Amino acid sequence: MLEDESEELLIDEDRHEQGDIWLIPLKVLDDDARAIQLGAVAELTVEARQREFVGDPLRMMLISLEEESRLPYVIESGGAAVGVFTLQSGAAKLAGWPDDDSVWLLRGFLIDSGSQGRGLGTLAARAAVEEARKLTARLGGGQAGVVLSVNERNPAGIAAYSKAGFVDSGRYLGGNAGPQRTMYKAFPADRVISIQQDPDVN
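This one's a predicted model, so the numbers in the text were calculated from it and none came from an experiment.

What counts and how
Residues numbered from 1 in each chain as written. Predicted model: local features only at pLDDT ≥ 70, side-chain atom pairs only at ≥ 80, totals over all residues. Heavy atoms only, no water. Helix = DSSP H or I, 4+ residues; strand = E, 2+ residues; numbered from the N terminus. Buried < 20%, exposed > 50% of the residue type's maximum accessible area, 1.4 Å probe, protein only. Contact = heavy atoms within 4.5 Å. Expected span 1.5 Å × (residues − 1). Axes fitted to C-alpha atoms, helices over the stretch in contact; angles between N-to-C directions. Left-handed = near helix turned anticlockwise from the far one by under 90°. Nonpolar A, V, L, I, M, F, W, Y, C, P; charged D, E, K, R; others polar. Pairing = 2+ DSSP bridges. Phe/Tyr/Trp six-rings, centres within 6.5 Å; stacked < 30°, edge-to-face > 60°.

Student: Give a detailed account of the overall build of the protein, specifying residues and quantitative values.
Tutor: Scanning the protein from N- to C-terminus turns up four helices and eight strands. Helices and strands in the protein line up, N terminus first, as β-β-α-α-β-β-β-α-β-α-β-β. In the protein, buried positions account for 46% of the 202 residues. Residue pairs at least 24 apart in sequence account for 62% of intrachain contacts in the protein once pairs closer than 6 positions are excluded.

Structure below.
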């Protein structure tokens, strides 16, 4: 699906005192580069209190590599892997959204325990939305933004997503992790590419 894409995304407008955020799209890497990235993912750690909210990062990346609708990314800062996430098309109902196709689903978002508290989660969440916007423009999927669900007992996650511009869209009781908040961020109106037919043209 994205075999021709080979660029990494640098969020220039979100420079952080701890370094830049880079998104490494695993599906476009060759086998050797992908293996190196997966080795770095295997070293990521999750705090005990967050384990119930996020899965094993390596397992999430391997599953995402096998499914066509999922696009897995490694988050890098300062030349090192600091987290992961997946963008998925056609699955927004999994986060409590009314339909599957009008938005991207952000899932499996995780920042390594040793890299937390530096604002990288907020920067990476913003970068994920910008990447989704670019994918929509390139692939023509028509999505208007990004949705996710975050457990109500995960205030740090809710705060990071809120700082990144996600808006609480209500309670979601689906899934097996307990009550969650559905959070949504629309693509910036001035950056959404739309094609409208001239009404005078048949």
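Next comes the rest of the description.
Student: With reference to specific residues and values, describe helix α3 (residues 120–139).
Tutor: Over its 20 residues, α3 runs 28 Å from end to end, which matches the ideal 28 Å to within 8%, given 1.5 Å per residue. Most of α3 sits inside the fold, with 15 of its 20 residues counted as buried. Just downstream of α3 lies Gly140, where phi reads positive at about 70 degrees.

Student: Give a description of the packing of helix α1 (residues 31–42) against helix α2 (residues 57–66) that names residues and reports values.
Tutor: Across the interface, α1 lies against α2 with an axial gap of 8 Å and an inter-helix angle of 145 degrees. Once α1 is placed against α2, the crossing between them reads as right-handed. Contacts from Arg34, Leu38, Val41 and Ala42 of α1 reach α2 at Pro57, Leu58, Met61, Leu62 and Leu65. In the contact of α1 with α2, the residues fall into eight nonpolar, no polar and one charged.

Student: A description of the pairing of strand β4 (residues 80–88) should follow, citing residues and the corresponding values.
Tutor: Note on strand geometry: in a regular strand, side chains alternate between the two faces of the sheet. Along β4, eight of the nine residues are buried, which leaves the element largely enclosed by surrounding structure. Across eight bridges, strand β3 (residues 70–77) lies against β4 in antiparallel orientation. Looking at the pairing, Val74 lines up with Val84 of β4. Joining the antiparallel neighbours β3 and β4 is a turn of two residues, in which Gly78 adopts a positive phi near 60 degrees. Pairing analysis gives five bridges linking β4 to strand β5 (residues 104–111), with the strands arranged antiparallel. The residue of β5 that forms the bridge with Gly83 is Ile111.

Student: So, the packing of aromatic side chains: which residues are in play, and what are the values?
Tutor: Remark: the centre distance and the inter-plane angle together describe each pair of aromatic rings, the angle taken between the planes. The final tally for this structure, using the stated rule, is five aromatic pairs. Look at Trp97 and Tyr184: their rings are 4.7 Å apart centre to centre, the planes differ by 25 degrees, and that puts the pair in the stacked class. With Trp97 in the loop between β4 and β5 and Tyr184 in strand β8 (residues 180–186), this residue pair connects regions lying 87 residues apart in the sequence. A residue is classified by how much of its surface remains accessible, and Trp97, at 17% relative accessible area, is buried. Tyr184 gets classed as buried once you look at its relative accessible area, which sits at 18%. A ring pair is formed by Phe109 and Tyr161, whose centres lie 5.6 Å apart and whose planes are at 65 degrees; its orientation type is edge-to-face. On the criterion of sequence distance, the pair formed by Phe109 in strand β5 and Tyr161 in helix α4 (residues 155–163) is long-range, its members being 52 residues apart. Neither Phe109 nor Tyr161 differs from the other in exposure class; each is buried. An aromatic cluster of at least three residues, connected via ring pairs, comprises Tyr73, Phe85, Phe109, Tyr161 and Phe166.

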